[in-house]
Amino acid sequence: MRLRRYVLLRVLQFVPVTLVVIVLNFLLIHLAPGDISLLLAGENADPAYLALVREKFGLDKPFLEQLWRYLVQVASGDLGLSFRSRQPVLGEILEKVPATLLLVGTSLLLSVAIGTWVGTWIARRPGSTLDSAVSFGAVALFSVPVFWFGLMLILLFTVEIPILPAMGMTSLDGPRSGIGYVLDIARHMVLPVAALMTVSVGQYVRLARTSVADVLGEHFITTVRAIGFPERTVLQHYALRNALLPVVTVLGLQLGLVLTGAVLTETVFSWPGLGRMIYEAILARDTPVIMGAFIVMSLTVALASLVTDLVYAALDPRVAL
Amino acid sequence: MRQVLRRPAIALSALVLVFALAVALAAPWLPLPDPTAMAASPYEPPGAAHWLGTDNFGRDILSRLVWGTRLALMVAIVSSLISSLLGIVLGSLSGYFGGWIDGIASRAFDVFLLIPTFFLVLLIVALFGSGIQYTMVAIALTTWPRSARIMRSQVLTLKSRTYVQAALSAGASHPWVLARHIVPNGLAPIVTDGTILMGLAILTEAGLSFLGLGDQNATSWGRMIFEGQRHLRLAPWMSIFPGLALLILVAALNLLGDGLNQALNPQLQRQSLRAKRREPVDRPSPQAAAAPILEVRDLRMEYRLEAATIRAVDGVSFALPAGGSLGIVGESGCGKSSMGAALLQVMAPNAAITGGDVVFAGRPILSEGHPVRIDGQEAIRTIRWTRLSTIFQSAINALNPVMTVQQQLVEAYLLHRPEAGRTAALARIGELFDVIGIPRRRMASYPHELSGGMRQRVMIALSLLHEPELVIADEPTTALDVLIQDQILGEIDELRRRLGLALILITHDMGIVAETCERVAVMYAGEIVELAPVERIFERPGHPYTQALIASLPTVSGPRRVLSALPGEPFVPTGTIAGCRFAPRCRMAADICRETVPPRVITGEGHEVLCHFAEASR
Ligand code: SF4
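Every value quoted in this text rests on a predicted model; they were computed, and no experiment measured them. (Residues numbered from 1 in each chain as written. Chains lettered and ligands numbered in written order. Predicted model: local features only at pLDDT ≥ 70, side-chain atom pairs only at ≥ 80, totals over all residues. Heavy atoms only, no water.)

**Points about helix α11 (residues 231-269) of chain A**
Residue and element names in this part refer to chain A.
Reasoning step 1: Here α11 spans only 44 Å end to end across 39 residues, well under the 57 Å set by a 1.5 Å rise per residue.
Reasoning step 2: Leu240 marks where α11 bends most, by close to 45 degrees.
Reasoning step 3: Just past α11, the residue Ser270 takes up positive phi, approximately 50 degrees. (Helix = DSSP H or I, 4+ residues; strand = E, 2+ residues; numbered from the N terminus. Expected span 1.5 Å × (residues − 1). Bend = angle between axes of the 7 residues up to and from the residue.)

**With respect to the sheet that holds strand β14 (residues 600-604) of chain B**
Residue and element names in this part refer to chain B.
Reasoning step 1: Strand order in the open sheet made by the eight strands is β9-β10-β11-β4-β12-β13-β15-β14, with mixed pairing throughout. If you trace the sheet from one side to the other, it starts and ends with β9 (388-391) and β14, each paired once. Taken pair by pair, the neighbouring strands of this sheet meet at an average axis angle of 20 degrees, ignoring direction.
Reasoning step 2: Alignment of β14 against strand β15 (residues 607-610), held across four bridges, turns out to be antiparallel. (Pairing = 2+ DSSP bridges. Axes fitted to C-alpha atoms, helices over the stretch in contact; angles between N-to-C directions.)

**Here we look at the interface of chain B and chain A**
Reasoning step 1: Tallying the contact residues gives 68 residues for chain B and 78 residues for chain A.
Reasoning step 2: Between chain B and chain A the total buried area reaches about 6,700 Å² when both faces are included, carbon and sulfur atoms providing 74% of it.
Reasoning step 3: It is B:Leu114, B:Phe119 and B:Leu127 in chain B that bury the most area against chain A; as a group they hold 11% of the surface buried on that side.
Reasoning step 4: Linking chain B with chain A are one salt bridge. (Contact = heavy atoms within 4.5 Å. Buried area = accessible area lost by both parts, 1.4 Å probe. Salt bridge = Lys/Arg side-chain N within 4 Å of Asp/Glu carboxyl O.)

**Notes on the packing of aromatic side chains**
Reasoning step 1: Enumeration over the complete set of coordinates arrives at 13 aromatic pairs over all chains.
Reasoning step 2: Residues A:Phe147 and B:Phe210 carry aromatic rings whose centres are separated by 4.5 Å and whose planes lie at 20 degrees to one another, so their mutual orientation is stacked. Pair noted here: A:Phe147 is in helix α8 (residues 146-160) and B:Phe210 is in helix α8 (residues 188-210), and the two residues belong to different chains. Judged on exposure class, the residue A:Phe147 and its partner B:Phe210 are both buried.
Reasoning step 3: Seen from their ring centres, B:Phe109 and B:Trp144 are 5.7 Å apart, and the 90 degrees between their planes marks the pair as edge-to-face. Here the residue B:Phe109 occupies a position in helix α3 (residues 99-114), and B:Trp144 occupies one in helix α5 (residues 132-158), the gap between them amounting to 35 residues. The exposure classification of B:Phe109 matches that of B:Trp144, with both residues buried. (Phe/Tyr/Trp six-rings, centres within 6.5 Å; stacked < 30°, edge-to-face > 60°. Buried < 20%, exposed > 50% of the residue type's maximum accessible area, 1.4 Å probe, protein only.)

**A closer look at the confidence of the model for chain B**
Residues and elements named next belong to chain B.
Reasoning step 1: Overall, the predicted model of chain B reaches an average pLDDT of 85, with 94% of residues at or above 70.
Reasoning step 2: Predicted confidence is poor over residues 1-5, with pLDDT under 50, and the contacts of this stretch with residues over four places away or in other chains come to twelve contacts.
Reasoning step 3: Reported confidence for the predicted complex is 0.89 by ipTM and 0.80 by pTM. (pLDDT = per-residue confidence, 0-100.)

**Side note on the side chain of B:Ser463**
Residue and element names in this part refer to chain B.
Reasoning step 1: By secondary structure assignment, the location of Ser463 is in helix α17 (residues 452-464).
Reasoning step 2: The exposure class assigned to Ser463 is buried, which follows from its relative accessible area of 0%.
Reasoning step 3: Excluding anything up to four places from it in sequence, Ser463 contacts Trp385, Ser389, Thr390, Ile391, Pro468 and Val471.

**Observations concerning helix α4 (residues 47-57) of chain A**
Residue and element names in this part refer to chain A.
Reasoning step 1: Every buried residue of α4 is accounted for by Tyr49, Leu50, Val53 and Phe57. Viewed end-on, α4 has its buried residues packed into an arc of 105 degrees, placing them on one side of the element. Looking at α4, the residues exposed on the side facing more than 90 degrees away from the buried face are Pro47, Ala48, Leu52 and Glu55.
Reasoning step 2: Buried residues along α4 sit in contact with α3 (36-41) and α5 (63-75).
Reasoning step 3: Among the residues trailing α4, Gly58 stands out with phi positive, at a value near 60 degrees. (Arc of directions from axis to C-beta.)

**A few points about the site of the ligand**
Reasoning step 1: In the vicinity of the ligand, the contacting residues are B:His543, B:Pro544, B:Cys580, B:Phe582, B:Ala583, B:Cys586, B:Met588, B:Ala589, B:Cys593, B:Cys611, B:His612 and B:Phe613.
Reasoning step 2: When its residues are assigned to classes, the shell around the ligand shows ten nonpolar, two polar and no charged. (Near = heavy atom within 4 Å. Nonpolar A, V, L, I, M, F, W, Y, C, P; charged D, E, K, R; others polar.)

**Observations regarding the nonpolar core**
Reasoning step 1: Of all hydrophobic cores here, the largest spans 132 residues; its most connected members are A:Phe147, A:Ile278, B:Leu122 and B:Phe210.
Reasoning step 2: Residue contributions to this core peak at eleven residues, all from helix α4 (residues 117-128) of chain B.
Reasoning step 3: Of all hydrophobic cores here, the second largest spans 115 residues; its members include B:Leu294, B:Ile436, B:Ile506 and B:Met523. (Core = buried A, V, L, I, M, F, W, Y, C linked by side-chain atoms within 4.5 Å.)

**Some thoughts on the packing of helix α15 (residues 405-416) of chain B against helix α16 (residues 422-436) of chain B**
All names here are of chain B.
Reasoning step 1: The N-to-C vectors of α15 and α16 enclose an angle of 115 degrees; their axes lie 9 Å apart at closest approach. Considering how the two elements wind past one another, α15 and α16 form a crossing that is right-handed. Across from Val405, Gln406, Leu409, Val410, Tyr413 and Leu414 in α15, the residues of α16 making contact are Arg422, Ala424, Ala425, Leu426, Arg428, Ile429 and Phe433.
Reasoning step 2: A class-by-class count of the residues in the contact of α15 with α16 yields ten nonpolar, one polar and two charged. (Left-handed = near helix turned anticlockwise from the far one by under 90°.)

**Quick notes on unusual backbone geometry**
Reasoning step 1: Unusually for a residue other than glycine, A:Ser270 sits at a positive phi of about 50 degrees.
Reasoning step 2: Take A:Ser270: it is sitting in the loop between α11 and α12 (274-283).
Reasoning step 3: Of note, the phi angle at B:Gln345 is positive, near 55 degrees, even though the residue is not glycine.
Reasoning step 4: Within the secondary structure, B:Gln345 sits in the loop between α12 (336-344) and β5 (351-360).

**Concerning the pattern of salt bridges**
Opposite charge on two side chains allows them to pair when their charged atoms are near.
All names here are of chain B.
Reasoning step 1: Overall, the coordinates contain 33 salt bridges over all chains when judged by the stated rule.
Reasoning step 2: In this structure, Arg149 and Asp110 form a salt bridge, with 3.1 Å as the shortest nitrogen-oxygen distance. Pair noted here: Arg149 is in helix α5 and Asp110 is in helix α3, with a separation of 39 residues, a long-range link.
Reasoning step 3: A relative accessible area of 39% means that Arg149 is categorised as partly exposed.
Reasoning step 4: Note that Glu469 and Arg387 form a salt bridge whose closest N and O atoms lie 2.7 Å from each other. Linking Glu469 in the loop between α17 and β10 (470-474) with Arg387 in the loop between α13 (379-383) and β9, this pair joins segments that are 82 residues apart in sequence.
Reasoning step 5: Salt bridges sharing common partners tie together Asp298, Arg300, Arg311, Asp314, Glu527 and Arg581.

In structure tokens form, the structure reads like this:
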């Protein structure tokens with residue numbers, strides 16, 4: 001039952017991250033210039049709502065008590081109210097999750113698949129011209145500003161050769177159900193997914209390349225080659241299997257960058273997800289929404305790193321549980 | 001190829017950065033219009049007057065681009081500087097003092113590393129307003145754990161170094177030792193990571209400005225794209241050029257970091273060396289002939305290194321009768337393992353067989369350095385592991401760490417006998433485990449769950465899987481303690497006699513050879529310098545090197561000593577070689593030894609010696 005112990009320990013490590021994020025959030029509001037109640041209720045709040053917010057956050061109470069109240073509040077899932085809609089922030093965020101998940105999930109899956117494939121392919125000849133060229137291209141790819149790349153895609157495929165839609169997730173007059181609906185969404189996804197992939201695909205190419213090349217240099221590969229397994233089997237069955245482990249771990253660490261890319265991509269393509277919501281909240285200075293988004297995004301990243309660690313432990317028998 | 005493409009990448013990116021820096025510093029003096037003032041009519045496309053066109057306010061885009069360089073570089077330098085400094089201080093304190101301080105600190109690094117930079121920046125800017133200083137602080141605040149982690153591990157390795165310990169015992173204070181001896185020596189990877197951090201900072205600021213949250217008073221590339229977005233159809237140049245500038249600057253930083261990283265880690269480069277191998281040649285299928293199990297003539301193999309080519313195996317010839325046993329002895333680096341690899345034709349990418357013939361049981365497998373192909377199939381593939389197998393050195397790494405022992409053995413069995421089925425495979429493996437002395441219940445273990453001795457036994461089982469006629473065992477017991485060594489060697493010897501298989505035992509230990517082999521070949525610098533029956537070589541060693549090896553053997557009960565007891569450095573066979581390779585270390589060396597290559601002298605029945613002073617038998 002060492003596995004259970006490991007899972008428990010690892011899950012417990014989630015707690016400090018949560019605490020740091022919430023406390024950081026709290027400290028920042030207090031350090032910010034201006035009246036906290038105005039930050040939380042909005043510049044044009046009516047006096048009644050202002051009073052409500054003051055009461056809820058205990059703004060007339062001592063500092064530590066306020067912190068405690070805030071912690072309890074967040075822990076119980078209350079991220080405050082958006083001052084534009086007066087709706088709970090958490091609900092607003094959850095409502096937008098599916099659209100963002102679709103975008104982020106698709107582009108991550110494609111990135112991992114394509115990146116690993118290309119990386120494995122060039123790992124067979126490290127140091128070749130092709131290898132250098134692809135590695136160069138990979139670095140260039142993750143140096144591309146994702147929002148600019150999105151604009152360039154629009155310029156190319158919507159303005160110059162109008163074949164793909166650049167706005168939103170569905171056509172205004174498109175079908176609302178059945179296969180037509182799915183295809184409509186898929187068409188709308190092409191450009192944003194392609195843009196968002198630039199954030200991660202280069203990383204996966206490099207990662208898969210190094211990791212496969214490393215594994216191919218190990219002794220046990222010499223063994224399986226000597227035994228006589230065909231090169232395809234050596235590469236796909238043995239090398240890739242071992243090399244995928246580091247790819248798994250990075251998936252968690254990468255998520256922060258990918259979510260950042262998602263916010264920018266959604267803004268460019270008016271994709272109705274979290275990023276777009278955050279952008280609109282920023283324009284309206286809707287502080288509670290921005291704070292909520294910060295908490296949710298940080299915890300998502302921490303959760304992803306937790307999950308990848310657990311997956312890694314499950315996949316690699318060497319991890320000392 | 002590496003030199004051509006990767007070094008230029010460093011040079012090119014350094015050039016880009018110097019150029020960007022020069023442009024940024026010179027911006028006020030360049031003959032450009034005011035970046036914030038209307039210089040021409042709006043939406044003017046790129047042309048002679050305004051190379052990159054004008055924007056919606058008629059401002060010159062080139063001028064705005066140049067001024068934007070200033071901002072980008074400032075953000076990059078300031079935020080990565082704060083971040084690195086913070087990281088260096090906290091990381092080195094954590095690593096230096098260790099204990100609970102380190103425990104808490106490194107936990108904290110991990111926690112802060114998980115906070116996504118961009119969202120914290122968004123929050124800070126939303127709360128404090130959009131000033132460039134907030135952006136830079138926020139970037140530093142979420143990235144410092146990167147350098148802290150690097151610095152910590154650097155300090156952990158550096159603090160045990162002799163010069164640090166010496167300074168401490170000479171009475172130097174902790175802060176002094178840290179600042180003077182440790183931190184400066186651990187900075188290199190921080191600088192490397194710093195360049196990548198700079199790229200990240202630039203992209204973060206640009207992203208922020210693109211969302212309209214950048215400093216309103218600054219000319220920023222991100223802000224230019226933000227403004228260009230609305231006029232994408234009308235004036236695409238408004239967004240194209242600042243984006244290109246961003247891409248080039250960030251790519252230059254990333255490529256520089258990458259290149260520096262590779263320059264700092266030489267082992268990353270070595271993988272890429274490849275030697276050119278010879279093409280296979282076709283031969284007719286041989287008539288079955290009762291021949292020695294293995295015949296090797298003038299075998300040669302080379303390693304390609306950065307500076308030179310090493311002739312690791314340099315003209316080796318010998319024959320081994322069926323069921324016979326031959327020990328190959330020599331210091332590490334003498335070419336004995338390379339010879340084993342060449343016989344099996346499994347070599348590192350930078351190695352190639354450059355000459356020689358090998359015949360296995362009358363079947364040619366190597367002809368003048370070319371792999372032989374019989375009936376369209378490489379001859380070595382038809383016998384390797386089924387008739388000619390090997391026990392690899394260090395079984396710890398020779399087995400796949402993420403598969404159970406049983407899986408690996410079953411797959412190896414089924415590969416050559418696909419018709420046998422899983423049950424037959426398992427039965428055979430169980431049988432082998434009994435022979436080799438591993439309890440059957442350990443079959444389902446992963447390699448790391450077995451002891452060194454067990455793993456070596458698994459490796460032996462793997463090599464015997466298909467009842468081979470010849471096994472090449474390369475240092476099969478080096479990593480084990482003496483007791484288990486003897487046990488396993490005894491087992492190999494017994495198996496050999498019982499199964500009638502031939503054995504080539506590669507080792508550095510003369511004592512092991514004496515116990516296990518019938519004949520001995522002593523290798524030095526890629527050549528066999530003496531070949532003789534085992535009794536004879538101990539009674540009348542003919543080569544000064546063999547004599548030295550035997551002299552360094554312990555007496556009956558003494559501890560086994562390794563061959564490095566011999567004074568002097570082993571000879572590395574490269575370039576043209578005049579005279580005897582052993583001459584620099586030979587106590588009998590005379591002038592002739594340094595001038596003329598020694599002859600191969602037959603000194604008795606099956607006994608040959610490569611030395612000027614060997615006495616030929618009459
Ligand atoms: S040839 Fe000369 S140097 Fe070489 S081993 Fe014989 S005596 Fe020594």
